[in-house]
Amino acid sequence: MELEPTILTREEGNVGIITLNRPKALNALNAILIDELLAALRSYDRNSDIGAVVVTGNNKAFCAGADIKEQRELDFVGAYNTDYLKDLNDAIVAIHKPIIGAINGYALGGGCELAMMCDILYAGRGAVFGQPEIKLGTIPGAGGTQRLIRAIGKSKAMDMILTGRTMKSAEAEASGLVAKIFDDEETVTRAIETAQKIASFSAPVVAMAKEAVNEAEELGLKNGLHFESRLYHSSFGLADHVEGFEAFLQKREPRWTHK
Ligand code: CAA
């Protein structure tokens, strides 16, 4: 039974900020936290005042993974029937608005996987990434074996997943896992700034761009290029497209109507 909300939400301008809030368990993902996280993401996705979302934790931990105490109780059937990590994976993929992960401290196991579900990752210099499941007698179960290889390549992904070793933020940046690193105290602020910049653009165009980039992981090049062309052509039907081109030619800032 959680006495405190397991996530906290606040808004800065057009940005929704979700903070994981189980500090005593290093923000481990239990069923309640995942439910509350998904409800907050869906609520921001439906809110037309919000253009982008930042997900973060605290200085010690973004998230230390699936809740080991909760998972210890599960056998095969229990794990199969209550796979809330799969629910998390499936639901985050369906969020239209960009999600920036602002990572300080530990991002391990399901925490590293949650980070990789985000669209852009910013990390503090003290952040530590890893898929240590092998040390627990299991394997990554929320996308780690699939997303880590796409992010950092097979050899490094195998090195981490098969040994359980961790990666500090400098290596994570050099490997392409995170976009930028900052001093820890700056991570969230810089993520919010970037989210505000994204939220300042046309919302339907931002959603199209996100969808097209994400499809690159699902489709071969031929189908991916076709999909991109279709979305690109669709953007010509938007009032924001007309406005963006006109504003450029008139040497002024565009006034987006998000239509
Ligand atoms: N689940 C539940 N509780 C956790 C937890 C987790 N994943 N990680 C940490 N905690 C709890 C600890 O049990 C401890 O609680 P108590 O005070 O009640 O004992 C509290 O958080 C603080 O943790 P530590 O005392 O261990 O803190 P530390 O600074 O010494 O170590 C750490 C930090 C290295 C992150 C260490 O806590 C750790 O190794 N955690 C487990 C990381 C892990 O193995 N994650 C993978 C989980 S499985 C998974 O995620 C599967 C998947 O793919 C979806």
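Owing to the predicted nature of the structure, the values given are computational and were not obtained by experimental measurement.

Considerations on the nonpolar core
Move 1: Among the nonpolar cores identified, the biggest contains 47 residues, and L41 and F129 are the most heavily contacted of them.
Move 2: If you look at the next biggest cluster of nonpolar residues, it comprises 13 residues, including V15, I17, V54 and I198.

What to know about the domain arrangement of the protein
The extent of an interface is frequently quoted as the accessible surface area lost upon association of the parts.
Move 1: For the protein, the domain assignment lists domain 1 (7-200) and domain 2 (203-250).
Move 2: On a C-alpha basis, the centres of domain 1 and domain 2 stand 27 Å from each other.
Move 3: Counting from both sides, the interface comprises 8 residues of domain 1 and, opposite them, 5 residues of domain 2.
Move 4: Summed over both sides, the interface between domain 1 and domain 2 buries roughly 530 Å², with carbon and sulfur atoms accounting for 50% of that surface.
Move 5: When the buried area of domain 1 at its contact with domain 2 is split by residue, H96, D119 and R150 rank highest and sum to 58% of it.

Some remarks on the packing of aromatic side chains
Move 1: Scanning the entire structure with this criterion turns up 4 aromatic pairs.
Move 2: With 5.1 Å between their ring centres and 85 degrees between their planes, Y232 and F236 make a pair best called edge-to-face.
Move 3: Through successive ring pairs, a cluster of aromatic residues spans Y232, F236 and F245.

A short note on the pattern of salt bridges
Any two side chains of opposite charge can pair, so long as their charged atoms come close to each other.
Move 1: Under the criterion given, the structure shown has 12 salt bridges.
Move 2: For E171, the salt bridge identified is with R165, shortest N-O distance 2.8 Å.
Move 3: Taking relative accessible area as the criterion, E171 reaches 24% and is therefore assigned partly exposed.
Move 4: Counted as one network, the salt bridges with shared partners bring together K156, D159, R165 and E171.

Reading the values: rules and limits
Residues numbered from 1 in each chain as written. Predicted model: local features only at pLDDT ≥ 70, side-chain atom pairs only at ≥ 80, totals over all residues. Heavy atoms only, no water. Core = buried A, V, L, I, M, F, W, Y, C linked by side-chain atoms within 4.5 Å. Buried < 20%, exposed > 50% of the residue type's maximum accessible area, 1.4 Å probe, protein only. Domains from an automatic or database assignment. Contact = heavy atoms within 4.5 Å. Buried area = accessible area lost by both parts, 1.4 Å probe. Phe/Tyr/Trp six-rings, centres within 6.5 Å; stacked < 30°, edge-to-face > 60°. Salt bridge = Lys/Arg side-chain N within 4 Å of Asp/Glu carboxyl O.

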